[in-house]
Amino acid sequence: MRANSLKDAYPNPVYAWYVATVLMIANIVSFIDRQIISLLIEPIKADLSLTDTQISVLHGFAFAVFYAVMGILIGRLADSKNRRTIIAVGITAWSLMTACCGLAKTFWVFFLARVGVGVGEATLSPCGYSMISDYFPRDKRSKPISLLAMGPYVGGGMSFILGGLVVQLVANSAALELPVVGVLQPWQTTFIVVGLPGVLVGLLVLLTVREPVRHDKLLQPGNEQEALPLRETFRYITSHLRVYTAITLGYSTTAMLGYGLLAWTPTLFIRNFGWTPGEVGMVFGLLVLVFGGIGTFFGGVWADWLIGKKHSDAYLRVSVYGAVGLLFFVLAPQAPNAVIVLCLLAPTLFFVGIHVGVGMACITQVTPNEFRGQILAIYLFVLILIGAGLGPFMVAFFTDYVFKDPLLIHYSLSLFGGIFVPIAFIIFYSGLKPFARMIEEIRL
C-alpha cells in the first residue's frame, strides 16, 4: 500500500475522538432499536399468536437478510461517496421503521418493518468504520474502532434498561389510541417511544460530523472519487483467502453466539425464574452494558499491548484466548438459580465482547482504503447473516424442535454454546499464521 504523502492530513485528535464518540452514540441507538424486541418476546407472541421460531425470524432473518444485502451496496458507496450523509439518512430511516414496528398487528407487517430497520442500519457500519480509519493513523485505530464497536453491548444494555422502564411505564398508563391505527398495546407503544428519538441523532451527525480526507489509498492523487471495480475487490480477497476466511467465519461464529445470547436470555429469566420484563431489563441490561462494553474495549487494549510485544498476529491471538473464555456460555444457563446464572453471564458477556472490536480492526488493518468499505460490507454481510440471522433462530429451533418445551430454553442455550464455541476456537487458531504472514507482507 502506498504510504500517505500528507503528514498532517489526519484531523485534530480531539475532533477525531468527538466523531468516534458520535458514531458510537449512533451505534448504540442502532442496537437499542435492533434489540428491543428481545425484551418484548412474550407479549408479542401472545398478541400475534407466534411460536419461538417465528419470533426468531422477526428478530433475526427479517432484519439480517436485508441488512446484509443492502450493506454490500452501501459499502460500495462508502468507498467513493459522502459517508456522513449516508449515515445521517440511514439513522433517520431505521428510527422511523423501529417506530413502525409498534404499528404492526400481523406477522407480515411486523416482518416488513423489521426489514426497514435492517435496511437503514446497513448504512452505519461500512461507512462508520471506513470513516474512523480516515480520522486516525493506522497505529492508533484499534481504540476508536473498539469504542465504536462497543455499540452492541452498550446499546444492547441500554435497550434492556430503557425498554424495561418504558414497558413498566406504559403498562401502568392508559392505553394509547391513535387515529386510523386504533388502540396500541404496551409493547407497541414501547417501539414508538424507543424509535423516534433516533431522528435527533441523525441530525447531530449531519450537522456536526465532517467527511474526512481518505488515506491508505492505492489510487494516485486526483482519483479519490473513483471506485475500483467490484472484481478488483474480489481479486484482492481471493489472493488472501485464508486470512479473510478466518476473520469472517470466526467473528461470524462469535457474533452468532452473542446474538443468540442477547435474544433469548431475557426470556430465560421470564420463563424459568418468573422475572418481569422490567426486572430483566434493569439487571441483565446492566450486565450487558458493563461487562459486554468493557470486554469490547479491553479487546482493543489487549491487542495493542500484544502489538507492542511484537506479536503480528495480535488481533486473532486475542480472539483465540477469548474463545476459550466463551466456555462460560455453556455453563451459565445450567446454574440452579438466577443469581448464579447472572454471575456466570458476566464473564460470558465479557468474552463475547472481546471479539467485536478486534474483528473490525482485523479488516481495516489488512485492507486498502479503496476496498475497505466494500470488504467491510462483505464481512458484515456474512457476519449479520450468520450472527443476527442464525443466532436467535438456532436457539429457538432447539427449543421448538429438539427439546419441544419452552421451559427448556436453558438446555437450548447450552447446546447452542456447546456446538459453536469450539468451532470459533478452531477457526481463529487456524488463521493465526496466515494472518501474521499477511501483516508482515503489508509492512514490507
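Here the structure is shown first, and the text comes after it.
Criteria and thresholds
Residues numbered from 1 in each chain as written. Predicted model: local features only at pLDDT ≥ 70, side-chain atom pairs only at ≥ 80, totals over all residues. Heavy atoms only, no water. Helix = DSSP H or I, 4+ residues; strand = E, 2+ residues; numbered from the N terminus. Rg over C-alpha atoms; globule rule 2.2 N^0.38 Å. Buried < 20%, exposed > 50% of the residue type's maximum accessible area, 1.4 Å probe, protein only. Contact = heavy atoms within 4.5 Å. Lys, Arg positive; Asp, Glu negative; His and termini not counted. Charge placed at Lys NZ, Arg CZ, Asp CG, Glu CD. Axes fitted to C-alpha atoms, helices over the stretch in contact; angles between N-to-C directions. Parallel < 35°, antiparallel > 145°, perpendicular 65-115°, else oblique. Nonpolar A, V, L, I, M, F, W, Y, C, P; charged D, E, K, R; others polar. Arc of directions from axis to C-beta. Left-handed = near helix turned anticlockwise from the far one by under 90°. Expected span 1.5 Å × (residues − 1). Polar contact = N/O pair within 3.5 Å; in protein donor to acceptor, adjacent residues only side chain to side chain. Core = buried A, V, L, I, M, F, W, Y, C linked by side-chain atoms within 4.5 Å. Phe/Tyr/Trp six-rings, centres within 6.5 Å; stacked < 30°, edge-to-face > 60°. Disulfide = S-S within 2.5 Å. Salt bridge = Lys/Arg side-chain N within 4 Å of Asp/Glu carboxyl O.

Another aspect to go through is the overall build of the protein. If you tally the helices and strands in the protein, you get 19 helices and 2 strands. A globule of 444 residues ought to have a C-alpha radius of gyration of about 22 Å, and the protein, at 21 Å, matches this closely. Dimensions of the protein along its principal axes, counting C-alpha atoms only, are 65 × 45 × 35 Å. Split into buried and exposed, the 444 residues of the protein put 60% on the buried side. A separation threshold of at least 6 residues defines the contact pool for the protein, and within that pool the share at least 24 residues apart is 84%. Taking the 29 positively charged and 23 negatively charged side chains of the protein as two groups, their mean positions are separated by 7 Å.

Residue position: Thr 253 is located in helix α12 (residues 241-273). With residues near it in sequence (within four places) discarded, Thr 253 still touches Phe 420, Ile 423, Ala 424 and Ile 427.

The relative placement of two packed helices is expressed as an angle between their axes plus a distance between the axes. Viewed as axis vectors pointing N to C, helix α1 (residues 13-35) and α12 meet at an angle of 55°, and their least axial separation amounts to 11 Å. Judged on the interaxial angle alone, α12 and α1 are oblique. Residues Phe 31, Arg 34 and Gln 35 of α1 form the contact with α12, whose participating residues are Tyr 259, Leu 262 and Ala 263. Grouping the constituent residues of the contact of α1 with α12 by class yields 4 nonpolar, 1 polar and 1 charged.

Regarding helix α2 (residues 41-48), the residues found buried are Ile 41, Ile 44, Lys 45 and Leu 48. For α2, the angular spread of buried residues about the axis comes to 100°, placing them on one side. In this structure, the buried side of α2 is in contact with α3 (52-78), α5 (107-121), α9 (186-195) and α12. Of the residues trailing α2, Ser 49 is marked for its positive phi of about 55°.

Looking now at the packing of α12 against helix α16 (residues 338-366). For the pair α12 and α16, interaxial distance at closest approach is 10 Å and the crossing angle is 155°. One element, α12, and the other, α16, form an angle in the roughly antiparallel class. For the pair α12 and α16, the crossing hand works out as left-handed. Broken down by class, the residue content of the contact of α12 with α16 amounts to 18 nonpolar, 6 polar and no charged.

What follows is about α1. In a regular helix each residue adds 1.5 Å, so 23 residues correspond to 33 Å; α1 covers 32 Å between its end C-alpha atoms and thus fits that length. Among the 23 residues that make up α1, 17 are buried, leaving the element largely enclosed by the rest of the structure. For α1, the capping residue at the N-terminal end is Asn 12, with a side-chain oxygen 2.7 Å from the backbone nitrogen of Val 14.

Let's shift gears to the nonpolar core. Generally speaking, a soluble globular protein has its nonpolar side chains buried in company with each other. With 138 residues, the main nonpolar core has Ile 44 and Phe 110 as its most contacted residues. In terms of residue count, α16 provides more of this core than any other element does, 16 residues in total. When residues no more than four places from it in sequence are discounted, the contact partners of Ile 44 are Ile 37, Ser 49, Leu 50, Ile 55, Phe 110, Trp 187 and Phe 191.

By the definition in use, this model includes 28 aromatic pairs. Taking the centre distance of 5.0 Å and the plane angle of 85° together, the rings of Phe 107 and Trp 108 count as edge-to-face. Overall, the relative accessible area of 16% leaves Phe 107 in the buried class. Residue classification places Trp 108 among the exposed residues on the basis of a relative accessible area of 59%. With centroids separated by 5.6 Å and ring planes inclined at 40°, the aromatic side chains of Phe 298 and Trp 302 adopt a geometry described as tilted. Taken together, the residues span about one helical turn, with Phe 298 and Trp 302 both in helix α13 (residues 277-308) at a distance of 4 residues. Chaining the aromatic ring pairs together yields one cluster made of Phe 298, Trp 302, Tyr 321, Phe 328, Phe 350 and Phe 351.

For the rest of this paragraph, the subject is the environment of Phe 298. Phe 298 gets classed as partly exposed once you look at its relative accessible area, which sits at 36%. Spatially, the C-alpha atom of Phe 298 lies 8.9 Å from that of Lys 143, the residues being 155 residues apart in sequence. In this structure, Phe 298 is in contact with Phe 350 and Ile 354, ignoring residues within four places of it in sequence.

This part takes up unusual backbone geometry. In this structure, Ser 49 is a non-glycine residue whose phi angle is positive, near 55°. In this structure, Ser 49 sits in the loop between α2 and α3. A positive phi angle is found at Lys 404, which is not glycine, with a value near 55°.

Next up on the list: the state of the cysteines. All told, the structure shown has 0 disulfides when counted by the stated rule. The thiol of Cys 100 is not disulfide-bonded; the next cysteine sulfur, from Cys 101, is found 7.5 Å away.

Time to look at the pattern of salt bridges. Here the structure, examined in full by the defined rule, presents 7 salt bridges. Across the pair Arg 271 and Asp 52 runs a salt bridge, and its minimum N-O distance is 2.6 Å. With Arg 271 in helix α12 and Asp 52 in helix α3, this residue pair connects regions lying 219 residues apart in the sequence. Its relative accessible area of 1% is what places Asp 52 among the buried residues. Among the charged side chains, a network of salt bridges with common partners joins Glu 42, Lys 45, Asp 52 and Arg 271.

We now examine the environment of Tyr 259. Examined against the element boundaries, Tyr 259 turns out to sit in helix α12. Residues Tyr 259 and Gln 35, spaced 224 residues apart in sequence, show a C-alpha to C-alpha distance of 9.1 Å. Residues within four places of Tyr 259 in sequence aside, it is in contact with Phe 31, Arg 34, Gln 35, Ile 384, Gly 387, Ala 388 and Pro 392.

Mapped onto the fold, Gly 90 is located in helix α4 (residues 83-101). C-alpha separation for the pair Gly 90 and Leu 103, spaced 13 residues apart in sequence, amounts to 20 Å. Excluding anything up to four places from it in sequence, Gly 90 contacts Gly 120 and Thr 123.

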